[in-house]
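Geometric and topological summary
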Amino acid sequence: MRVALVAVIVAVVVIVAVVPFLLMQGGQQAGEQQTAPTQTQKPETGKVEIVIEGGEISVSKQGFGLKGQQLQSPGPELRVKVGSLVVVTFINVGQLPHTFVVTDEKKFDAEPLWGAQIGTPTSPVQPKQQSSISFTPTRPGEYYYICQVPGHIELGMWGKFVVEE
Ligand SMILES: [Cu+2]
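Computed from a prediction, not measured in an experiment: that's the story for all the values here.

Looking at the overall build of the protein
- Scanning the protein for helices and strands turns up one helix and nine strands.
- Mapped in sequence order, the helices and strands of the protein form the string α-β-β-β-β-β-β-β-β-β.
- With 165 residues in all, the protein has 29% of them scored as buried.
- Long-range pairs, those at least 24 residues apart, make up 63% of the contacts in the protein with a sequence separation of at least 6.

Below, the structure is given as structure tokens:
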């Protein structure tokens with residue numbers, strides 16, 4: 001009889017003390033799960049998509065132009081925010097191979113910044129082909145985007161790439 005009474009008391013203590021504690025923990029976990037998606041969405045708010053075309057304008061002129069606009073020589077200035085996810089799609093609308101690379105020098109063999117390179121001098125983007133790259137600029141400043149095929153910068157195949165604070 002006494003054993004049964006103790007068992008009942010233990011059961012009551014478990015229900016009164018432990019169950020609310022478990023419910024609270026469950027509630028906290030649910031709260032954490034609600035905040036998680038907002039955290040993963042943060043980079044999305046800083047996402048910039050740039051679609052840029054490149055090619056020849058005339059025998060002595062080459063350039064870039066945002067999709068739907070004319071090619072310019074030099075190309076249009078591109079502006080992005082530091083820390084944003086930049087997705088560039090480069091479309092070769094010309095008849096020669098070209099590339100798109102972000103650098104801090106207007107030199108065909110300059111090092112790409114932040115891995116922002118579409119095509120290389122030895123493996124450029126072929127005519128009518130396109131390719132994309134995503135990267136995150138980590139330093140504000142004034143940079144360039146260029147075509148790395150030797151001689152093309154001199155024909156105007158470059159533009160300013162500005163990373164804002
Ligand atoms: Cu080129």
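Considerations on unusual backbone geometry
- Put simply, S73 and P74 share a cis peptide bond, and its omega is -5°.
- By secondary structure assignment, the location of P74 is in the loop between strand 2 (61–66) and strand 3 (78–81).
- In this structure, W114 takes a positive phi of about 55° despite not being glycine.
- Along the chain, W114 turns up in the loop between strand 5 (100–103) and strand 6 (117–118).
- Phi angles above zero are rare outside glycine, and K128 is one such case at about 70°.
- Counting through the fold element by element, K128 comes out in the loop between strand 6 and strand 7 (130–135).
- Note on K128: 11 C-beta atoms within 10 Å, which makes it exposed.

Concerning the sheet that holds strand 8 (residues 141–146)
- In space, the five strands of this open sheet follow the order 3-9-8-5-6, with mixed pairing throughout. Every interior strand has two partners, whereas the edge strands, strand 3 and strand 6, have only one.
- Where strand 3 meets strand 9 (residues 158–164), four bridges bridge the pair, whose relative direction is parallel. The partner of V80 across the bridge, within strand 9, is V163.

Some details on the environment of G55
- With respect to the helices and strands, the residue G55 is situated in strand 1 (residues 47–58).
- Residue classification places G55 among the buried positions, given that 20 C-beta atoms sit within 10 Å.
- Here the alpha-carbon distance between G55 and T99, two residues 44 residues apart in the chain, equals 9.6 Å.
- Residue contacts for G55: discarding those within four places in its chain leaves Q62, L71, N92, V93, G94 and H98.

Looking at the nonpolar core
- Counting 28 residues, the largest nonpolar core has V88, F90, F100, V102, Y145 and I146 as the members making the most contacts within it.
- Broken down by secondary-structure element, the contributors of at least two residues to this core are strand 3, strand 4 (85–92), strand 5, strand 8 and strand 9.
- With near-sequence residues (within four places) excluded, I146 lies in contact with V101, T103, K106, I153, M157 and W158.

A closer look at the pairing of strand 9
- Examined bridge by bridge, strand 8 and strand 9 share six bridges and lie antiparallel to one another. Residue pairing for strand 9: Y145 is matched across the bridge by G159.

Some details on the confidence of the model for the protein
- Residues with a pLDDT of 70 or more make up 73% of the protein, whose mean pLDDT is 82.
- Within the model, the stretch residues 5–16 combines pLDDT values under 50 with zero contacts to residues more than four positions away or in other chains.
- The low-confidence segment residues 18–45 (pLDDT under 50) makes one contact with residues lying over four places distant or belonging to another chain.

Re the sheet that holds strand 7
- The strand order 2-1-4-7 describes an open sheet built from four strands, whose pairing is mixed. At either end of the open sheet lies a strand with only one pairing partner, and these are strand 2 and strand 7. When the angles between neighbouring strand axes are averaged without regard to direction, this sheet yields 20°.
- Direction of pairing for strand 1 relative to strand 4: parallel, over a ladder of eight bridges. The partner of I52 across the bridge, within strand 4, is F90.

Rules used in this analysis
- Residues numbered from 1 in each chain as written.
- Predicted model: local features only at pLDDT ≥ 70, side-chain atom pairs only at ≥ 80, totals over all residues.
- Helix = DSSP H or I, 4+ residues; strand = E, 2+ residues; numbered from the N terminus.
- Buried ≥ 20, exposed ≤ 12 C-beta atoms within 10 Å, placed from the backbone.
- Contact = placed C-beta atoms within 7 Å.
- Pairing = 2+ DSSP bridges.
- Core = buried A, V, L, I, M, F, W, Y, C linked by C-beta atoms within 7 Å.
- pLDDT = per-residue confidence, 0-100.
- Axes fitted to C-alpha atoms, helices over the stretch in contact; angles between N-to-C directions.

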